[in-house]
Amino acid sequence: MRLHRSRRVLVACGIAALCPLTACAGYTPTPSTDTVAVGSLPTADTAPADTVPTDTVPVDATPSDSASAQADPDGGTWETEWGPLSEADRELMRKVRLATLWEMVISQEAAQRASTARVRQISKEISAQHHTLDEQVRELAGKLDVQLPVKATAQQQGWMADISGRKGSSYDATYVKWLRLAHGQIFGLIGAVRGSTQNTLIRRFSEQANAAVLNHQRLLESTGLTTPESFPDPPE
C-alpha cells in the first residue's frame, strides 16, 4: 500500500480484530532507548510555577505539515507514516489529556492546601509530571492530527469540587481517594494500548504515560490514606 502524507485510509474492520485490547495492569515498559523510566520524570523542583491547562486547543495540537492522518469523525483505524492509528490509540491520548485537565489543577491546589507535608509534597510531584505528560500528548496530537478535549468531564469537575470543598484531614483523604481511583482506571487502558498498538509514536507515548501513572499510584499510596473506595473494581 502506498501512503500519502496528510491522507487517512480507513482500514477494514477485519484488521481491527487482529489486535484486541488486552488488560495489562502489571505492565512494565519494554527497555529501549525510547522508554522513559520513572526516575527520569520531572519533580516538583523542575515544574513550571502555576501552569494550568487552558480551555482552548493549543497551537501545537493543530495539523502540521508533518501530519499524515486527518481527523476522522467516523472513527476506525487511520494509516499514518508511523503505522496504523487505532481508535484505542486515540482514546488513550484523549484520556491522558482529560486527566491533565483536572489532576494537574487540583494537585497544584493540594500543594498549597493539604494539611500534611507528605500530601503537599506528592501533590507537587504529580502536578509537575502531569505538566510534562500534557506537553507530550499535545505534541503527539499535532503530529497525528487528533482532536483533544479542552475541558474536564462533569465527573472530573465533581471530584474537584468535592476535594476543594473540604478542609484539613478530610481534604487530604478526599484528594487521595479521587486521584488514586482515576489513576487506577486509566492504568489498564495504557497497558492494553501498549500491548496492541502498531503505531511507533503511540508505543513510546504509552510507555511515558505508564511510567507517570505507575509513579503517581505509588505516591498516593505512600500517604497511607487510601481506602477501598480509592480503587476501581477489579476486572471481571
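Above this text sits the structure in question.
No experiment lies behind these values; they were computed from the predicted model shown.

1. Thoughts on the overall build of the chain
Part 1 of the argument: For the chain, the count of helices and strands is six helices and zero strands.
Part 2 of the argument: Mapped in sequence order, the helices and strands of the chain form the string α-α-α-α-α-α.
Part 3 of the argument: In the chain, 81% of the contacts between residues at least 6 apart in sequence involve partners at least 24 apart.

2. Some words on the packing of aromatic side chains
Part 1 of the argument: Tallying each qualifying case throughout the model produces two aromatic pairs.
Part 2 of the argument: Between Trp-102 and Trp-159, the ring centres sit 5.3 Å apart and the planes meet at 55°, which makes this aromatic pair tilted. Of this pair, Trp-102 sits in helix 2 (residues 87-113) while Trp-159 sits in helix 4 (residues 154-164), and the two are 57 residues apart along the sequence. No difference in accessibility class separates Trp-102 from Trp-159, as the two residues are buried.

3. Looking at the packing of helix 3 (residues 117-144) against helix 5 (residues 168-196)
Part 1 of the argument: Running from amino to carboxyl end, helix 3 crosses helix 5 at an angle of 35°, the nearest separation of the two axes being 12 Å. The interaxial crossing formed by helix 3 with helix 5 has left-handed handedness. Taking contact as the criterion, the partners of Val-119, Ser-123, Ile-126 and His-130 in helix 3 are, on helix 5, Asp-172, Tyr-175, Leu-179 and His-183.
Part 2 of the argument: Across the contact of helix 3 with helix 5, the residue classes tally to four nonpolar, three polar and one charged.

4. Quick word on the pattern of salt bridges
Part 1 of the argument: Summed over the entire model, instances satisfying the criterion amount to twelve salt bridges.
Part 2 of the argument: With a shortest N-O distance of 2.7 Å, Glu-87 and Arg-90 are connected by a salt bridge. Of this pair, Glu-87 and Arg-90 are both found in helix 2, three residues apart, which corresponds to roughly one turn of the helix.
Part 3 of the argument: You can call Glu-87 partly exposed: its relative accessible area is 33%.

5. Some remarks on the side chain of His-216
Part 1 of the argument: Within the fold, His-216 resides in helix 6 (residues 200-221).
Part 2 of the argument: Among the polar contacts listed, one links the side chain of His-216 to the side chain of Gln-129, at a separation of 2.8 Å.
Part 3 of the argument: Looking at His-216, its side chain comes within polar contact range of the side chain of His-183, at 3.0 Å.
Part 4 of the argument: Apart from the residues within four sequence positions on either side, His-216 is in contact with Ile-126, Gln-129, His-130 and His-183.

6. Details of helix 5
Part 1 of the argument: The first and last C-alpha atoms of helix 5 sit 43 Å apart over 29 residues, in line with the 42 Å expected at 1.5 Å per residue.
Part 2 of the argument: Burial analysis of helix 5 places 22 of its 29 residues in the buried class, the great majority of the element.

7. Let's talk about helix 4
Part 1 of the argument: Those residues of helix 4 not exposed but buried are Gln-156, Trp-159, Met-160 and Ile-163. The arc that holds the buried residues of helix 4, viewed along the axis, is 100°, so those residues lie on one side. Those residues of helix 4 that are exposed and angled more than 90 degrees off the buried face are Ala-154, Gln-155 and Ala-161.
Part 2 of the argument: If you follow the buried residues of helix 4, they end up packed against helix 2 and helix 5.

About the cut-offs
- Residues numbered from 1 in each chain as written.
- Predicted model: local features only at pLDDT ≥ 70, side-chain atom pairs only at ≥ 80, totals over all residues.
- Heavy atoms only, no water.
- Helix = DSSP H or I, 4+ residues; strand = E, 2+ residues; numbered from the N terminus.
- Contact = heavy atoms within 4.5 Å.
- Phe/Tyr/Trp six-rings, centres within 6.5 Å; stacked < 30°, edge-to-face > 60°.
- Buried < 20%, exposed > 50% of the residue type's maximum accessible area, 1.4 Å probe, protein only.
- Axes fitted to C-alpha atoms, helices over the stretch in contact; angles between N-to-C directions.
- Left-handed = near helix turned anticlockwise from the far one by under 90°.
- Nonpolar A, V, L, I, M, F, W, Y, C, P; charged D, E, K, R; others polar.
- Salt bridge = Lys/Arg side-chain N within 4 Å of Asp/Glu carboxyl O.
- Polar contact = N/O pair within 3.5 Å; in protein donor to acceptor, adjacent residues only side chain to side chain.
- Expected span 1.5 Å × (residues − 1).
- Arc of directions from axis to C-beta.

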